[in-house]
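Per-entry structural report
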Amino acid sequence: MPCGQGDLKFPAIPGFRHRPPGNRRSALGGAPASGGALWPVHPEVAERFGRCARKWRSGFSGAPGSGGRFGSSISVMAAAPLRVLACGDVEGRLDAIFGRVRAIQAKSGRFDMLLCVGNFFGSTSEAEWAEYRTGAKKAPIPTYVLGANNQDTLSYFPDVSGCELAENITYLGRRGVYSGCSGLQIAYLSGTEAQQQPAPAHSFSAKDVAELKTSLLSTPNFRGVDILLTSPWPRDVGTYANSAGEIDTKKCGSKLVSDLAATLKPRYHFAALEKAYYERLPYRNHMVLQETPQHVTRFIALADVGNTSKKKYLYAFSIVPMSSMDPAELVKQPQDVTENPYRKLRKEAPKSKAPLSAEEEPACQFFFDLNKHQGKKRPSDGKERGDSQPKQAKKPPQLTGPCWFCLASPEVEKHLVVSIGTHCYLALAKGGLSPDHVLILPIGHYQSVVDLSSEVLEEVTKYKAALKEFFRSKGKRYVLFERNYRSQHLQLQVIPVPLDRCTSEDIKEAFITQAQEQQIELLEIPEHSDIAQVAQPGTPYFYVELDTGEKLFHRIRGRFPLQFGREVLASEALLAQPQRADWRQCAAQRPEEAAQARAFRREFEPFDFSLRD
């Protein structure tokens, strides 16, 4: 099946029936799959779904588009997976899309419905559309479309509340929730975000979004919807995710759609209009370790039908309605799950009520040459860092006493410093577990990772990436840990472990085993999580991170062994140097420390981004 003609992909999600992992053929004639595959739906199920899907709650006068829910009066059938096709901008190419659907069904069996987002009609649709409108031609399966996105195609949609446009082709309406007898819930919002008031007939406003949200949130025990259909992309959907290619997700799309998606928590969200295909990594809808686990959301943007660039415009998937799923199965988290891209949007209101300490002032910062070959000096006044950008919300607080790790402090043992960035620096650990045991530290005074501003956190990430590359070149992997307990300044301890000595699983097992022995609850959290979502500022915690992205976390509620991280790494299971568990027993003389720092600096130089920036 040619990739550019809408090759089909079946994501492995809760509710799917899966083939063995080794079988990578799709149920649709060999198209690539990601672990899941469709199983046939019984013909009677398909027929009953097709009939029931047209029934709406009587309180809406038979129309699906009035902003409320409907279909609840229909009894929920047994949990049979439904086979669904989703399509991007058709733009009037009706023969092309329906011909494609027929070909797929001839090879792979019947689908239950086709969902179309984006522009269903185009500027030259009339002649082709007339054949379907008059009944000369018929859509092969029930097809559900969104409304106009521009003034030119508005006339194709005679009833704003939704109606049947032709046999097997239904306009859902301006906004609402569509429910079939299977229990599948499809929320939809037609049009593009209004740029003026009152909103044109082909646009939606904040009021439309608010009313749709209210109609669903008022439902008892609302957990989310199965599918969300919008034409525009949600703004910022690419945050924490894989690249969207040429689409800038920070500028593209609608903030109102982002707000809607964050509230409705769809299992699938389809959009179009950008003539691009983008399947985002699934994102979670809860805060790890703080909220009850919920299902994940998959966002898929589809290209236009028949596009010459061979971008995917048709997406097939199998889904068991949320209402029929086992709750434990529903909330299973896939390996590649990420943070919610709209997390900041959802936090805006609470932040405005509880701003960060206004009295906090930045600590004095300065930068210095370690020696003539260390590299250029860096400004401390921010004049070369793009002052036109908004100030970060978090600033290092004013010190109340001496700090051993603030670079501006006379207490810092500067002979151990091996690299200086704009916001962070790298130093050898005093009394390290090994000669290349290093610390990543912020230049200003921050107590923990949770307190870091975004620009400091970004540079911490760059140092982690550079150290990973450096240690891997030497046949090692690093283990990083932070103890935010009885500490004044953030210290990210980075210790290399030879690759041939132990695996990542060995390292995790050693930490978990020793934690259990000491009644420490060490939990594994998803690799795409950030600690700020697990712990609030001021919360004591211990945190381990492998260079694979795997993380372990313990919230400290009482006493905690200060040397725990070192003890585990020094144990026989890992570095087999238990005598080095206490740094005070490992301190070297200053000349030896300085020599080790020079050696590390020299070897690290090819990987040191601070010398190139």
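Residues numbered from 1 in each chain as written. Predicted model: local features only at pLDDT ≥ 70, side-chain atom pairs only at ≥ 80, totals over all residues. Heavy atoms only, no water.

**Side note on the overall build of the protein chain**
Helices and strands together make up the secondary structure of the protein chain, namely eleven helices and 23 strands. Looking at the protein chain as a whole, 55% of its 613 residues are labelled buried. Nonlocal contacts in the protein chain, meaning residues at least 24 apart in sequence, comprise 73% of its contacts between residues at least 6 apart. For the protein chain, the accessible surface area stands at approximately 27,300 Å², while carbon and sulfur atoms represent 50% of it. (Helix = DSSP H or I, 4+ residues; strand = E, 2+ residues; numbered from the N terminus. Buried < 20%, exposed > 50% of the residue type's maximum accessible area, 1.4 Å probe, protein only. Contact = heavy atoms within 4.5 Å. Areas by Shrake-Rupley, 256 points an atom, 1.4 Å probe, with all protein chains shown as cover.)

**Description of the environment of K138**
Here K138 shows up in the loop between α3 (126–133) and β3 (143–145). Sequence-wise, K138 and F98 are 40 residues apart; in three dimensions their C-alpha atoms are separated by 8.9 Å. Not counting residues up to four positions away in its chain, the partners in contact with K138 are R102, Y132, E167 and N168. A distance of 3.3 Å separates polar atoms of two side chains, one belonging to K138 and the other to E167. (Polar contact = N/O pair within 3.5 Å; in protein donor to acceptor, adjacent residues only side chain to side chain.)

**Observations concerning the packing of helix α2 (residues 94–108) against α3**
Two numbers describe how α2 lies on α3: the axes approach to 9 Å, and their chain directions differ by 50°. As summarised for this structure, α2 and α3 are arranged oblique, according to the angle between their axes. Contacts between α2 and α3 involve L94, D95 and F98 from the first element and E128, W129 and Y132 from the second. Within the contact of α2 with α3, the residues separate by chemical class into four nonpolar, no polar and two charged. (Axes fitted to C-alpha atoms, helices over the stretch in contact; angles between N-to-C directions. Parallel < 35°, antiparallel > 145°, perpendicular 65-115°, else oblique. Nonpolar A, V, L, I, M, F, W, Y, C, P; charged D, E, K, R; others polar.)

**Thoughts on the confidence of the model for the protein chain**
Of all residues in the protein chain, 77% have pLDDT values of 70 or greater, and the mean over the chain is 80. Within the model, pLDDT remains below 50 along residues 1–78, and this stretch shows 205 contacts once partners closer than five positions in the same chain are excluded. Per-residue pLDDT stays below 50 along residues 349–394; that stretch engages in 68 contacts with residues further than four places along the chain or on separate chains. (pLDDT = per-residue confidence, 0-100.)

**A look at the packing of aromatic side chains**
One pass over the full model with this rule turns up 30 aromatic pairs. When the ring of F121 is compared with that of Y156, the centres are 4.1 Å apart and the planes differ by 10°; the resulting orientation is stacked. Remark: Y156 occurs in the loop between β3 and β4 (163–166) and F121 occurs in the loop between β2 (113–116) and α3; sequence separation between them is 35 residues. Grouping residues by exposure puts F121 and Y156 together as buried. Cluster of aromatic residues (ring-pair linked, three or more members): F120, F121, W129, Y156, F157 and Y171. Geometry around F111 places R83 over its ring, the cationic atom sitting 4.4 Å from the centre. (Phe/Tyr/Trp six-rings, centres within 6.5 Å; stacked < 30°, edge-to-face > 60°. Lys NZ or Arg CZ within 6 Å of the ring centre and 35° of its normal.)

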